[in-house]
Amino acid sequence: MTSKDDWSSREGQLLLFGLQYNPIKQLKIAPNFTSWNPASGKASSFAYLSLEFKI
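Before going into details, it helps to say that this report is about the structure given with it. (Residues numbered from 1 in each chain as written. Predicted model: local features only at pLDDT ≥ 70, side-chain atom pairs only at ≥ 80, totals over all residues. Heavy atoms only, no water.)

Turning next to the overall build of the chain. Counting secondary structure elements, the chain contains 0 helices and 4 strands. N-terminal to C-terminal, the α/β element order of the chain is β-β-β-β. Put simply, the chain has 55 residues, and 5% of those count as buried. Put simply, 22% of the contacts in the chain that link residues at least 6 apart link residues at least 24 apart. Total accessible area on the chain stands at roughly 5,200 Å², and carbon and sulfur atoms take up 59% of it. (Helix = DSSP H or I, 4+ residues; strand = E, 2+ residues; numbered from the N terminus. Buried < 20%, exposed > 50% of the residue type's maximum accessible area, 1.4 Å probe, protein only. Contact = heavy atoms within 4.5 Å. Areas by Shrake-Rupley, 256 points an atom, 1.4 Å probe, with all protein chains shown as cover.)

Now the structure itself:
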């Protein structure tokens, strides 16, 4: 018995990386990077930028 959602069909390498920087007390800047490289198929990469400002 098999399923198309079987965990083994999603084999590959996942990379998550991020940093958080506080230049001032009220501001947080966090650049993040995600990369997915499946065992077979096309790789995908994404970059994100999170900002938090407290009043």
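That covers the picture; the talk isn't over yet.
In this section: the pattern of salt bridges. Pairing between side chains becomes possible if they bear opposite charge and their charged atoms approach one another. This model, assessed by the stated rule, comprises 1 salt bridge. We note a salt bridge from Glu-52 to Lys-54, for which the minimum N-O separation is 3.7 Å. Judged by its relative accessible area of 46%, Lys-54 falls in the partly exposed class. (Salt bridge = Lys/Arg side-chain N within 4 Å of Asp/Glu carboxyl O.)

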